[in-house]
Amino acid sequence: MIRRPPRSTLSSSSAASDVYKRQVYRKSGAVQSFEELLRNLFDPLFQVSRDPSSNPALHWMLQQVTGFDSVDDESKMEVPITQSMPTAEKWTAPDNPSYTYYLYYMHVNILSLNELRKAQGLNIFTFRPHCGEAGDYCHNVSGFMLGHHINHGITLRRCPGIQYLFYLAQVGVAMSPTSNNTLFLPYTKNPFPMYFRQGLNVSLSTDDPVQFHHTREPLMEEYNMVGQFYKLSSVDQCELARNSVLQSSFEHNVKQHWLGDKYHKGVNEITKTNVPPTRIEFRRDTLRDELHLITTLETEI
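Residues numbered from 1 in each chain as written. Predicted model: local features only at pLDDT ≥ 70, side-chain atom pairs only at ≥ 80, totals over all residues. Heavy atoms only, no water.

Thoughts on the packing of aromatic side chains
Okay, step 1: In this structure the tally under the stated criterion is 14 aromatic pairs.
Okay, step 2: On the basis of an interplanar angle of 45 degrees and a centroid distance of 5.0 Å, the ring pair of Tyr-101 and Tyr-105 is categorised as tilted. Taken as a pair, Tyr-101 and Tyr-105 lie in helix α4 (residues 99–119) at a separation of four residues, close to a single helical turn.
Okay, step 3: Members of the aromatic cluster, connected to one another through ring pairs, are Phe-34, Trp-91, Tyr-101, Tyr-102, Tyr-104 and Tyr-105.
Okay, step 4: The cationic tip of Arg-283 hangs over the ring face of Phe-196; the distance from NZ or CZ to the ring centre is 5.0 Å. (Phe/Tyr/Trp six-rings, centres within 6.5 Å; stacked < 30°, edge-to-face > 60°. Helix = DSSP H or I, 4+ residues; strand = E, 2+ residues; numbered from the N terminus. Lys NZ or Arg CZ within 6 Å of the ring centre and 35° of its normal.)

Right, dumping it as structure tokens:
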């Protein structure tokens, strides 16, 4: 993933974006429009995807990249979405576009880039934005529609309908309770244990480990802290680890090594995952019943 610098270098109220802090660039005159900002990011990626020899160093780096994140302070006031919003080349105002506007243009450019790279036989990228860490609830809708998975998702607790969509579609939600505890939401109010019990496709991740963790193994530290605070069993933690591998962009053969040869067919190898078949069957049966209920209601209506 392309990630931002450690948040320890920033104020806790202004989490900077990975590749854009548009208001800074616009006010300094570095860019004149939102389209120019997008071109600065994506033009080199399209060029090296068409001709890898044009920039061997960038070509090599992209082979190590699995996806894009999109990070900013979601709690800031933003321009409301309207039908008359200007397109990227016409967005020359000093104000930042809205969260959804950013996500849409990131999504379509990554989608186009992936089509080109697939045609060239190169690796492709996922889009996993920071979403639902704070701010407007509609961010979760945007993440659901435009991202492969999302990071955080703690505001889903206030949007039952959208949360239910995430469950039905099993969209991955990588959660970071330790980071949330410092910046937005204490452990006691974090919806992570509720999401997990309900069967959402959640995993644990680290967010700014340089700032929030104290060991050389921040992910192990996250599992340990969250496991103790929410009293997770060993089965719970193994299921979370399995979800993490499924959500990841590891190559097929790497996932087979960790989850078993038939993981992509929904087969759980307990000798690989340490997750009992009864847990997997319970999750699968519950989801199937919910989908059947939705189908039945749709037919009746």
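Digging into helix α5 (residues 138–146)
Okay, step 1: Looking only at α5, the buried set comprises His-139, Asn-140, Ser-142, Gly-143 and Leu-146. What you see down the axis of α5 is that its buried residues fit within an arc of 160 degrees, all on one side.
Okay, step 2: Where α5 is buried, its residues touch α4, β2 (126–127), β3 (130–131), β4 (150–152) and α6 (160–169). (Buried < 20%, exposed > 50% of the residue type's maximum accessible area, 1.4 Å probe, protein only. Arc of directions from axis to C-beta. Contact = heavy atoms within 4.5 Å.)

So, the pattern of salt bridges
Okay, step 1: This model, assessed by the stated rule, comprises seven salt bridges.
Okay, step 2: The shortest N-O distance in the salt bridge between Glu-35 and Arg-39 comes to 3.6 Å. Taken together, the positions of Glu-35 and Arg-39, both in helix α2 (residues 34–50) and four residues apart, correspond to about one turn of that helix.
Okay, step 3: Under the relative-accessibility criterion, Glu-35 is labelled partly exposed at 27%.
Okay, step 4: Here Glu-115 and Lys-118 are joined by a salt bridge, their closest N and O atoms 3.3 Å apart. Highlighted residues: Glu-115 and Lys-118, both in helix α4, separated by three residues, approximately one helical turn.
Okay, step 5: On the basis of relative accessibility, which here comes to 47%, the residue Glu-115 falls in the partly exposed class.
Okay, step 6: Put simply, Asp-236, Glu-239, Arg-279 and Arg-283 are held in one network by salt bridges that share partners. (Salt bridge = Lys/Arg side-chain N within 4 Å of Asp/Glu carboxyl O.)

Remarks on the sheet that holds strand β6 (residues 202–204)
The strands that make up a sheet are held in pairs by hydrogen bonds between backbone atoms, and each pair lies either parallel or antiparallel.
Okay, step 1: Taken in spatial order, the four strands line up as β3-β4-β5-β6 in an open sheet, and their pairing is parallel. The sheet terminates laterally at β3 and β6, the two strands that pair on one side only.
Okay, step 2: Pairing of β4 with strand β5 (residues 173–175), which is carried by two bridges, proceeds in the parallel orientation. Within β5, the position partnered with Asn-151 by the bridge is Ala-174. (Pairing = 2+ DSSP bridges.)

Treat this as a map of the structure, not an account of what it does.
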